[in-house]
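Structural overview
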Number of protein chains: 4
Amino acid sequence: MTGTETEPELKQLYREFDRAGLVPLWTEIGNIMPQTPQSAARPHVWQWSDLYPLAERAGELVPVGRGGERRAIALANPGLDGKPFATPNLWAAVQYLGVGEVAPAHRHAQGAFRFIVEGEGVWTVVNGDPVAMRPGDLLLTPSMNWHGHHHVGDAPMVWLDGLDIPLVHQLDAGFFEFGEDGVSEKATPERSRSEKLWGHAGLRPIWAEETPNSPLMAYRWSDTDDALEQQLELERDGFATVIGPGHAGIRFTNPTNGRDALTTLRTEMHRLAPGATSATVRTVGSSVWQAFRGSGTAYLDGQATDLDSGDLVAVPSWCPLRIEAHTRMDLFTFSDAPVYEALNLDRRHVTPNPNDR
Amino acid sequence: MTGTETEPELKQLYREFDRAGLVPLWTEIGNIMPQTPQSAARPHVWQWSDLYPLAERAGELVPVGRGGERRAIALANPGLDGKPFATPNLWAAVQYLGVGEVAPAHRHAQGAFRFIVEGEGVWTVVNGDPVAMRPGDLLLTPSMNWHGHHHVGDAPMVWLDGLDIPLVHQLDAGFFEFGEDGVSEKATPERSRSEKLWGHAGLRPIWAEETPNSPLMAYRWSDTDDALEQQLELERDGFATVIGPGHAGIRFTNPTNGRDALTTLRTEMHRLAPGATSATVRTVGSSVWQAFRGSGTAYLDGQATDLDSGDLVAVPSWCPLRIEAHTRMDLFTFSDAPVYEALNLDRRHVTPNPNDR
Amino acid sequence: MTGTETEPELKQLYREFDRAGLVPLWTEIGNIMPQTPQSAARPHVWQWSDLYPLAERAGELVPVGRGGERRAIALANPGLDGKPFATPNLWAAVQYLGVGEVAPAHRHAQGAFRFIVEGEGVWTVVNGDPVAMRPGDLLLTPSMNWHGHHHVGDAPMVWLDGLDIPLVHQLDAGFFEFGEDGVSEKATPERSRSEKLWGHAGLRPIWAEETPNSPLMAYRWSDTDDALEQQLELERDGFATVIGPGHAGIRFTNPTNGRDALTTLRTEMHRLAPGATSATVRTVGSSVWQAFRGSGTAYLDGQATDLDSGDLVAVPSWCPLRIEAHTRMDLFTFSDAPVYEALNLDRRHVTPNPNDR
Amino acid sequence: MTGTETEPELKQLYREFDRAGLVPLWTEIGNIMPQTPQSAARPHVWQWSDLYPLAERAGELVPVGRGGERRAIALANPGLDGKPFATPNLWAAVQYLGVGEVAPAHRHAQGAFRFIVEGEGVWTVVNGDPVAMRPGDLLLTPSMNWHGHHHVGDAPMVWLDGLDIPLVHQLDAGFFEFGEDGVSEKATPERSRSEKLWGHAGLRPIWAEETPNSPLMAYRWSDTDDALEQQLELERDGFATVIGPGHAGIRFTNPTNGRDALTTLRTEMHRLAPGATSATVRTVGSSVWQAFRGSGTAYLDGQATDLDSGDLVAVPSWCPLRIEAHTRMDLFTFSDAPVYEALNLDRRHVTPNPNDR
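Calculation criteria
Sequence order as written defines the numbering, with residues in each chain counted from 1. Throughout, the order in which chains and ligands are written sets their labels, letters from A for the former and numbers from 1 for the latter. Residues qualify for local features only when their pLDDT is at least 70, as the model is predicted, and side-chain atom pairs are given and counted only at 80 or more; totals for whole chains, interfaces and linings, by contrast, use all residues. Heavy atoms from the whole structure form the basis of all side-chain values; hydrogens and water molecules are not counted. Here, two residues are considered to be in contact whenever any of their heavy atoms come within 4.5 Å of each other. For any pair of parts, buried area is found by adding up, for both, the accessible area (1.4 Å probe) each one loses once the two are put together. Note on definitions: salt bridges are taken to be side-chain nitrogens of Lys or Arg within 4 Å of carboxyl oxygens of Asp or Glu. Polar contacts here mean pairs of N or O atoms no more than 3.5 Å apart (in protein, one a potential hydrogen donor and the other a potential acceptor; neighbouring residues in sequence count only if both atoms are side-chain atoms). What counts as a helix is a DSSP run of H or I of at least four residues, what counts as a strand is a run of E of at least two, and both are numbered from the N terminus. Each residue gets one of three labels, nonpolar for Ala, Val, Leu, Ile, Met, Phe, Trp, Tyr, Cys and Pro, charged for Asp, Glu, Lys and Arg, and polar for the others, Gly among them. In this description, strands pair whenever DSSP reports at least two bridges between them. The axes used here are C-alpha line fits, helices contributing only the stretch in contact, and every angle between their N-to-C directions lies in the interval 0 to 180 degrees. In this analysis, the expected span of each helix is defined as 1.5 Å times one less than the number of residues it contains. Only protein chains enter the accessibility calculation, which uses a 1.4 Å probe; a residue is then buried when its area is under 20% of its type maximum, exposed when over 50%, and partly exposed in between. Any pair of Phe, Tyr and Trp rings, taking the six-membered ring for Trp, is counted once the centres come within 6.5 Å. Such a pair is stacked with planes under 30 degrees apart, edge-to-face with planes over 60 apart, and tilted for the rest. Only lysine NZ and arginine CZ atoms are considered, and such an atom sits over a ring when it is within 6 Å of the ring centre and within 35 degrees of the ring normal. In this context, the arc is that of the directions from the helix axis out to the C-beta atoms. The scheme is simple: roughly parallel for angles under 35 degrees, roughly antiparallel for over 145, roughly perpendicular for 65 to 115, oblique for anything else. By definition, turning the near helix anticlockwise from the far helix through less than a right angle yields a left-handed crossing, and turning it clockwise yields a right-handed one. Only residues with pLDDT of at least 70 in both copies contribute their C-alpha atoms to the least-squares superposition of the copies. UniProt positions are given in the numbering used here, feature names are shortened, and annotations may be inferred rather than shown by experiment.

The subject of this paragraph is the interface of chain D and chain A. Interface extent is often summarised as the accessible area lost during association of the parts. Residue-level contacts link 84 residues of chain D with 84 residues of chain A. For the chain D and chain A pair, buried surface summed over both sides reaches about 7,400 Å², with 69% attributable to carbon and sulfur atoms. Linking chain D with chain A are two salt bridges. Along the contact surface separating chain D from chain A lie 24 residue pairs in polar contact (both at pLDDT 80 or more). For the side of chain D that touches chain A, the elements supplying multiple residues, two or more each, are helix 1 (7-19), strand 1 (22-24), helix 2 (29-32), helix 3 (48-61), strand 3 (72-75), helix 4 (165-170), strand 12 (176-178) and helix 7 (337-342) of chain D. Broken down by element, the side of chain D that touches chain A gets its largest block of residues, six residues, from helix 1 of chain D. Here the side of chain D that touches chain A is composed, by residue class, of 51 nonpolar, 24 polar and nine charged.

Below, the structure is given as structure tokens:
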């Protein structure tokens, strides 16, 4: 916007801007107002075969306890300057807990869930309610709920932690409180109290009010598995019950209002029939995907990368994603979609597969 | 408001009002604007031991088919001039279907459900989806859903139909369409398609949108029973999981939004522990209660009446109701509460039991 | 549905039904579940030239005071058995207040408004806040707000009262409380407190919460008139700012949530340019229309009837309505539409005018 | 959490974490999960007496046109590394437009408003609708609305631009499109079309639907001023119509739903009576305040700073703010509060003034 003769005055003006705590828009607009989202985050894959042994090593070397709070190892997106953020809004970590160990109780404004790829024997105690952790389960610890974990099994356990830590950090909205150092509630029931009260489709305790986050703390694999399988079976019977051909999916929701289970995080499980391919989707907002069972190929902005059980993928805002299943493939995913929908900033572009009917 | 000398002129004025299609407020206000609700409807009990044989007799004498549509016998509140209305807004009927009979398909603006006290062998086909009917189940046929019934069992079946017929009649909002004369979809699956898609607590097909009425067409007794039992067990363990001492209850809800399963009707199941007594509640709006299992005493505006399995009670607006269980007692109830809540006309007064802690 | 040989047994069965408080569906279904709404109410017109002198006569003969409460003369739809109901849900009355008279304070669950055709000098005092009444104004007294009126002008005043009395009566939801016999707050400010706080487009006191009914008690004619005129002017400039050609309209809304000003009643003002004709609309739910200024013809189910200033029309559910303006014509209307929308029972059919572009 | 003997292995482990794109939680938790919000942003004041001359200098040296788009000079919070962000979510800039100049049309996902401290003669054209800019007015250009500005007055004009640029940048949700280079719609009406349609309290065009952002593009000072004055007058008359003693305030809202005028930004105007003091408030989420008229002292985390007309203050998340008025003082403020409320992350702590009644 500027001609050459004014350059010395301009430089002087910019110096004065700087002294006055000012920055002109016209030199910055390209970076801060791009024509389409230009995320600093990069599409990236972390392989379970790398993550698991490192988590085991941490289990040997790093005690778990008050201060560090959790033996959680976070995915650090290569575009985000070494920060422990899988995407600009999403935290994803593998957490390791050895036999007999206890992760001390705390609570925080950040919303959290755990998704279990393998192992068992840990109970997470949420506001005094012990919740078993088993493969395929999704467990919630919503914002400001007290929670600690303890391990009564006979082999170490590793799982995925998902949180909105980067979002809450950027929003300067974090509150954190320490609870008891151990976990006093040592019962290990099959079903948590939250499941006893809320684990019935469409049935709500009469006294219950709507809550922003789900009061159901565990979504069990057997249920998820059945829901996915029914969608594919009904598709085979000719009903329009799937996202796309051979592509089933469920969203984990808050039974008090039918919305996302957590206010800031969307959580879903997808199933692709063997050989099925998802549509190519680009979405404003980011996501993390974890292959739960089966194998396939993810196409991230056109780049192919193979996925096996446990592998994790970070998908930045507006990056096209397509997944092709070699075997029957189950994928867990979480995203920050509720944030964009709440602010009217959501946008989505879908390219169907050319060979779909 | 009037002195005697003006009486002839006043009479003349009232005649002219009448000719002009006018009515003064001041002579009517006491009736149309009472200080508290004065329902024309009366608290009333219908006994299953009366209803059942009459339904059987109708089964012998009255064919079911197009025109009459259903062999349904409606509760007619003694205060409502012989109209087939249990309360001013609620329809409750016993429907009887013989072995091999078919109730032809139709649809209507009125929302409907069926609650099964005993028997089995009938499938209701809702928009082409066959839904089994079994004791303790609640089945929905929401507004404008096609539905017919057919009986493949070996003994006649009787159930409770609940609808908003009087409300929709008063609102002049009724639409009705005839469908096929028989029921073409004769499959008798254990689980309907709606259950396969929606019968998982907190799991929602990703492609699904919010709908005003529930997309889940059947709430099964095993689930309801478990939900009630868990509330009472947790109460015994010291948790505040009940409506009142020994009084559990669940509401049937629409999983897409957590609200009532039907837009105009609230549906609930209550369980009282042996010897337990509900609080005395008066509510704006009316309800119908059906004893499902067990026995007890209902106090309607202080009047005691014994209840056994299948007995039905109409509770008018603002009539105090208390229920005392002799045995463990399960009660199904439906009401027009969503209407009042939507219009900001709901009001409720609760008198706790004096001997409650 | 019945053959002749069973007739004696059938008659016997019906007698037993009757004794047991039962009514069969199959003999009643045609009446209670019609294929389209068959309102008992009839389309009807009341002329101002009849109403006004009768109201004056009532002013001479009937004192206003505690007990009768208001000198209000209600439109009684000829189809509704002499009940003082303009339609099954709507109350419409002309209220007459003489110079110096006071209508004593009361409050009730029924929602109310006043619309002023002519005259001035009355203040309605709503929860202690005096609100001036002037031609073209809409004034609210929402459910459970205390209100009384007093007349400080120099000529009697007549206005339209609209309430949901029939609806609340049918719903058995009425509560009524008497207040002070006079009106203690005798101030006669130009602007009420509610207007001072809420009468600014899009501006909301920071401390205010959402309320079910509007906190703004008066919608002034000058504003309404300007809003209507702007729509027609912009239409002439080529913008799509009208309901139909030459047909402007505004809805009175609750500024705290943008919804109808009252929870049970929709209130609107329409303006037709000279010679303009509205589309033919049939709606589930009923309405009352009052010609405010100008003249035209209303077509009710095809029947033409002329309308002049002050004339009132009752439109039953599903009755087609079209209005043709001879002069520029302003029409106030109120309806029970929010009830149907809240219950998912709303339905609407529009036939555009054949000569519209 | 670690003892010394494992240090070499630990270092080795951390190197392997780094290679694998991983970061442990336990070394980072203090920074990323603080006990209360620890914003990098700092409370800061920019004085109008510094801003205005620099804007004028920019007016001489920097042309306005396509590419740089706007001659806007942004407040750069001293804690945010030189980025042009007033707070982590909020953009605030002074924009300067010379006589006869045109800021070319564009649109973007970012929501924007302008608040005018002084000057006149510019019309902003929003989706083809010319909107006059005058002192005290708030003008909106919501997300994805086309807008350009042109100046037909006789003296340069400077105003405040507020946007959610940092938020949308962090969310990677930005879309941007260039429009025409000039502004083709050169009409300069007193009232915009949006004001003609929406500028009437509580009146809504019947055909209008709810929209996420306000359809009213201008909130005029005369209205705002009157609303504030009425609150203080009613307070003097003994009514509870203010935020606190001598402290009035209005929020700019979307008339279609009563919520904030923009989905991501809260906009408000406050008025303090001479000598009045606001309560001390700390809020999760940040805000910017601009003294519009009058003078006073702001206490930011206890630090006093004087404010005169045009001065701007950035308030980071959880920083306590109190304002003391020397004269009658009007303050415009905007914040990211809707973001926190939508995500259930809002929290607020108020310390009343000790000398308040």
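If you look at the interface, chain C gives 40 residues, while chain D gives 39 residues. Both faces combined, the contact of chain C with chain D buries some 3,400 Å², and carbon together with sulfur accounts for 62% of it. On the chain C side of the contact with chain D, A201, L203 and I206 of chain C bury the most area, a combined 20% of that side's loss. Our enumeration of links across chain C and chain D arrives at two salt bridges. Of the charged contacts, one joins R191 of chain D and D226 of chain C as a salt bridge, the two residues approaching to 3.0 Å between their closest N and O atoms.

Reading across the sheet, the seven strands line up as 13(A)-15(B)-16(B)-23(B)-18(B)-21(B)-2(B) and stay open at both edges, with antiparallel pairing between neighbours. In this open sheet, the two edge strands, each paired with only one partner strand, are strand 13 (203-205) of chain A together with strand 2 (44-46) of chain B. The sheet shows a mean angle of 25° between the axes of neighbouring strands, direction not considered. Of the strand pairs in this sheet, strand 16 (residues 266-272) of chain B and strand 23 (residues 329-335) of chain B are connected by seven bridges, and their pairing is antiparallel. Each residue of the ladder has a partner; that of H270 of chain B, found in strand 23 of chain B, is L331 of chain B.

All right, on to helix 6 (residues 221-236) of chain A then. Across its 16 residues, helix 6 of chain A extends 22 Å between first and last C-alpha, which sits within 8% of the 22 Å expected from 1.5 Å per residue. All of the buried residues in helix 6 of chain A are W221, T224, A227, L228, Q230, Q231, L232, L234 and E235 of chain A.

All chains considered together, the criterion is met by 53 aromatic pairs over all chains. Taking the centre distance of 6.3 Å and the plane angle of 65° together, the rings of F17 of chain B and W26 of chain B count as edge-to-face. Overall, W26 of chain B belongs to the buried group, its relative accessible area being 9%. Ring geometry for F252 of chain D and F332 of chain D: centres 6.5 Å apart, planes at 45°, overall tilted. Of this pair, F252 of chain D sits in strand 15 (residues 247-252) while F332 of chain D sits in strand 23 (residues 329-335), and the two are 80 residues apart along the sequence. Given a relative accessible area of 0%, F252 of chain D falls into the buried group. The ring of Y299 of chain A is capped by R322 of chain A, whose NZ or CZ atom sits 4.2 Å from the centre of that ring.

In this model, helix 1 (residues 7-19) of chain B (13 residues) spans 18 Å end to end at C-alpha, consistent with the 18 Å of a helix rising 1.5 Å per residue. Every buried residue belonging to helix 1 of chain B is among L10, L13, E16 and F17 of chain B, and all of these are buried. The buried residues of helix 1 of chain B all sit within an arc of 120° when viewed along its axis, so they share a single face. Set apart from the buried face of helix 1 of chain B by more than 90 degrees, the exposed residues are P8, K11, D18 and R19 of chain B. Looking at the packing, one finds that the buried side of helix 1 of chain B touches strand 1 (22-24) of chain B together with helix 3 (48-61) and strand 3 (72-75) of chain C.

In summary, the side chains of a regular strand alternate between the two faces of the sheet. Residues and elements named next belong to chain C. Counted residue by residue, strand 7 (residues 122-126) has five buried out of five residues, so it is predominantly covered. The side-chain alternation of strand 7 yields two buried faces, one formed by V122, T124 and V126 and the other by W123 and V125. Taken together, the four bridges between strand 7 and strand 8 (residues 129-132) define a ladder with antiparallel strand orientation. Looking across to strand 8, one finds that T124 is bridged to V131. Between the end of strand 7 and the start of strand 8, which pair antiparallel, lie two residues, with N127 showing a positive phi angle near 50°.

Packing of helix 1 (residues 7-19) of chain A against helix 3 of chain D leaves a shortest axis separation of 11 Å and a crossing angle of 155°. The pairing of helix 1 of chain A with helix 3 of chain D is recorded here as roughly antiparallel in orientation. Our pair here, helix 1 of chain A against helix 3 of chain D, has a crossing hand that is left-handed. Here E9, L10, Q12, L13, E16 and F17 of chain A of helix 1 of chain A come into contact with helix 3 of chain D, specifically with L54, R57, A58 and L61 of chain D. Of the residues assigned to the contact of helix 1 of chain A with helix 3 of chain D, the class counts are six nonpolar, one polar and three charged.

Right, let's get into the side chain of Q95 of chain D. All names here are of chain D. Checked against the element boundaries, Q95 lands in strand 4 (residues 91-97). A polar side-chain atom of Q95 sits 2.3 Å from a polar atom in the side chain of D161. With near-sequence residues (within four places) excluded, Q95 lies in contact with R70, R71, A72, A103, R114, H149, M157, V158, W159 and D161.

Between the two chain copies there is a screw-like relation: a rotation about an axis and a shift along it. Laying chain C over chain D is done by rotating through 180° and shifting 0.0 Å along the axis; what remains is an RMSD of 0.0 Å. In symmetry terms, the pair is related by a two-fold rotation axis. Judged by C-alpha distance, A201 of chain C is the residue of chain C that lies nearest the rotation axis, at 1.9 Å. In this assembly, 98% of the residues forming the interface of chain C have copies in chain D that are likewise at the interface, indicating an isologous arrangement.

This brings us to unusual backbone geometry. The residue M144 of chain A is not glycine, and still its phi comes out positive at about 65°. Of note, M144 of chain A is situated in the loop between strand 9 (138-141) and strand 10 (147-151). One non-glycine residue with positive phi stands out, namely N344 of chain B, at about 65°. Here N344 of chain B lies in the loop between helix 7 (337-342) and strand 24 (348-351).

UniProt feature "domain: Cupin type-2" (unreviewed entry): in the numbering of this structure it lies at residues 96-161 of chain A. Its end C-alpha atoms 10 Å apart, residues 96-161 of chain A is made of 0% helix and 59% strand.

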